[in-house]
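Working through the structure, step by step
So the chains spell out like this:
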Amino acid sequence: MQIGAKLKELRILKGLTQEELADRTELSKGFISQLERDLTSPSIATLMDILQCLGTSIGEFFNETQEEQIVFSKQDYFEKIDTELHNEIKWIIPNAQKNVMEPILLTLEAGGSTYPDNPHEGEEFGYVLQGSVSIHRGAKTYKAKKGESFYFVADKKHYLTSKGGAVILWVSSPPSF
């Protein structure tokens, strides 16, 4: 572990200059600079003083939490094929139900549809990647074709259909798929 880089990151997050951190810890600015460049190592007592001034503990500082996943690939996707409704749903962000929004990749075969979704809190967004869809929302129907998007509040019963087939990137917030 590079202690210096992590100390510098914490210092910057706290909005402190090297001089301000040095003043708070009663160390020299030069010593702080050397620490941040890993040119010297602090004693345990000095490190604990620095971390206290940075608002963290030695345990939190050395806790190697796994970095959150930012990029997802096909092997991360979860797929469900509905032979009755002639659609395939790919959850392209795993465990997205814990997030604020949930994107899926929806493929509708010719004559396919989604299961009608009852009114719920939140919003729905879709972008048609291939083909065209009919968006049924309440008593109204809207059309969207390749390159077009749709967006609505999910306060009415809603579902999608496609006569000729379509692929849609669909995002629900909060997650509801």
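Reading the values: the criteria
Residues numbered from 1 in each chain as written. Predicted model: local features only at pLDDT ≥ 70, side-chain atom pairs only at ≥ 80, totals over all residues. Heavy atoms only, no water. UniProt positions renumbered as here; feature names shortened; annotations may be inferred. Helix = DSSP H or I, 4+ residues; strand = E, 2+ residues; numbered from the N terminus. Buried < 20%, exposed > 50% of the residue type's maximum accessible area, 1.4 Å probe, protein only. Contact = heavy atoms within 4.5 Å. Core = buried A, V, L, I, M, F, W, Y, C linked by side-chain atoms within 4.5 Å. pLDDT = per-residue confidence, 0-100. Arc of directions from axis to C-beta. Domains from an automatic or database assignment.

1. Digging into the UniProt feature "domain: HTH cro/C1-type" (unreviewed entry) in the protein chain
- Mapped onto the present numbering, the UniProt feature "domain: HTH cro/C1-type" (unreviewed entry) falls at residues 7-61.
- Within residues 7-61, the helical portion is 67% and the strand portion 0%, while the C-alpha atoms at the span's ends are 9 Å from each other.

2. Observations regarding the environment of E121
- As for its placement among the helices and strands, E121 is situated in the loop between β4 (112-113) and β5 (123-137).
- Relative accessible area serves as the criterion here: at 71%, E121 is assigned to the exposed category.
- Residues in contact with E121, not counting those within four places in the same chain, are S173 and P174.

3. Some points on the nonpolar core
- Among the nonpolar cores identified, the biggest contains 15 residues, and L106, V133, I135, F150, L160, I168 and W170 are the most heavily contacted of them.
- Within the second largest apolar cluster, twelve residues are counted, among which are L16, I32, L35 and L51.

4. Comments concerning the confidence of the model for the protein chain
- Looking at the protein chain, the pLDDT average stands at 92 and 97% of residues meet or exceed 70.
- In the model of the protein chain, helix α5 (residues 58-62) stands out as the element of lowest mean pLDDT, 87, in contrast to strand β6 (residues 140-145), which has the highest, 98.

5. Here's the deal with unusual backbone geometry
- Along the chain, S173 connects to P174 via a cis peptide bond; the corresponding omega equals -5°.
- Looking at the secondary structure, you find P174 in the segment after β9 (166-173).
- In this structure, H86 is a non-glycine residue whose phi angle is positive, near 60°.
- For H86, the location among the structural elements is in the loop between β1 (78-82) and β2 (87-91).
- Assessed through its relative accessible area of 32%, H86 is described here as partly exposed.

6. Some details on helix α2 (residues 18-25)
- Along α2, the residues classified as buried are Q18, L21, A22 and T25. One side of α2 holds all its buried residues, which, seen down the axis, span an arc of 100°. Along α2, the residues that are exposed and aim more than 90 degrees away from the buried face are D23 and R24.
- On its buried face, α2 is in contact with α1 (3-13), α3 (29-36) and α4 (44-53).

7. Topic: the domain arrangement of the protein chain
- Assigned domains of the protein chain: these are domain 1 (3-62) and domain 2 (78-173).
- For domain 1 versus domain 2, the distance between C-alpha centres works out to 50 Å.

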